[in-house]
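# Secondary and tertiary structure notes
For reference, the chains in residue letters:
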Amino acid sequence: MECYECHSLHRSTSAVAVCRECGVALCASHLHVETQQMRKEAGLGKSTSEVPARRVVCPTCRRAELSA
Ligand SMILES: [Zn+2]
Ligand SMILES: [Zn+2]
């Protein structure tokens, strides 16, 4: 699979990830990786190891989210 953003620029670059929102394939220079802390109300005193979730979005979806 090739990066959709590069394809629209008439380049062909191997994709390494897929946008979670719209499903287009993305190369390393076009993807945006976001990490989200899954907030949980933990019980008293316990420091649980919080593993951040990962989310990959394309530039278009990221813009749409930031302007929302
Ligand atoms: Zn690309
Ligand atoms: Zn997208």
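Just so it is clear, the structure is predicted and the values come from calculations on it, not from any experiment. (Residues numbered from 1 in each chain as written. Chains lettered and ligands numbered in written order. Predicted model: local features only at pLDDT ≥ 70, side-chain atom pairs only at ≥ 80, totals over all residues. Heavy atoms only, no water.)

## Overview of the overall build of the chain
To be explicit about the condition: Elements are defined by DSSP. Helices are runs of H or I of four residues or more, strands are runs of E of two residues or more, and each kind is numbered from the N terminus. Burial status follows relative accessibility: with a 1.4 Å probe on protein chains alone, a residue under 20% of its type maximum counts as buried, one over 50% as exposed, and anything between as partly exposed. Contacts are residue-level and defined by heavy atoms, with any inter-residue pair within 4.5 Å sufficient. Per-residue and other accessible areas follow the Shrake-Rupley method at a 1.4 Å probe size, with only the shown protein chains counted as cover for residues.
On a plain count of helices and strands, the chain comes out with 2 helices and 4 strands. For the chain, the α and β elements follow one another from N to C terminus as α-β-β-β-β-α. Counting the 68 residues in the chain, one finds 26% classified as buried. Pairs at least 24 apart in sequence give 40% of the contacts found in the chain among residues at least 6 apart. Split by element, the accessible area of the chain, about 5400 Å² in all, is 51% carbon and sulfur.

## Digging into unusual backbone geometry
Within the chain, His 10 stands out as a residue other than glycine whose phi angle is a positive 60°. Counting through the fold element by element, His 10 comes out in the loop between helix H1 (4-8) and strand S1 (17-18).

## Quick look at the coordination of the zinc ion (ligand 2)
Basically, it comes down to this: Coordination here is defined by N, O and S atoms within 2.8 Å of the metal (3.2 Å for Na, K and Ca), and since water is not considered, a site can look incomplete. Each label reflects the angles at the metal, where four donors whose angles all fall between 85 and 135 degrees are tetrahedral, four or six donors whose opposite pairs open beyond 155 degrees and whose other angles stay between 65 and 115 are square planar or octahedral respectively, and the rest are irregular.
Cys 19 (SG), Cys 22 (SG), Cys 58 (SG) and Cys 61 (SG) make up the full set of protein donors to the zinc ion (ligand 2), lying at 2.3 Å. Its 4 donor atoms give the zinc ion (ligand 2) angles of 106 to 115° at the centre, a pattern that matches the tetrahedral case. Donor residues binding the zinc ion (ligand 2) come from one chain and are separated in sequence as C-x2-C-x35-C-x2-C. Here Cys 22, found in the loop between S1 and strand S2 (25-26), pairs with Cys 58, found in the loop between strand S4 (53-57) and helix H2 (59-67); they are 36 residues apart in sequence, far enough to count as distant.

## Remarks on the nonpolar core
We count it as follows: In this text, buried Ala, Val, Leu, Ile, Met, Phe, Trp, Tyr and Cys residues form a nonpolar core when linked through side-chain atoms within 4.5 Å.
In terms of nonpolar packing, the biggest core is built from 9 residues, these being Ala 17, Cys 19, Val 24, Leu 26, Leu 31, Val 56, Val 57, Cys 58 and Cys 61. In this view, Val 56 contacts Ala 17, Val 18, Cys 19, Arg 20, Leu 26, Leu 31, His 32 and Val 33; residues no more than four positions away in its chain are not counted.

## Focus on the coordination of the zinc ion (ligand 1)
Within the first shell, the zinc ion (ligand 1) binds the protein through Cys 3 (SG), Cys 6 (SG), Cys 27 (SG) and His 30 (ND1), at distances of 1.9 to 2.3 Å. One can describe the donor arrangement at the zinc ion (ligand 1) as tetrahedral, given that its 4 donor atoms subtend angles of 107 to 111° at the metal. The class for His 30 is buried, based on a relative accessible area of 15%.

Just geometry here; none of it tells us what the structure is for.
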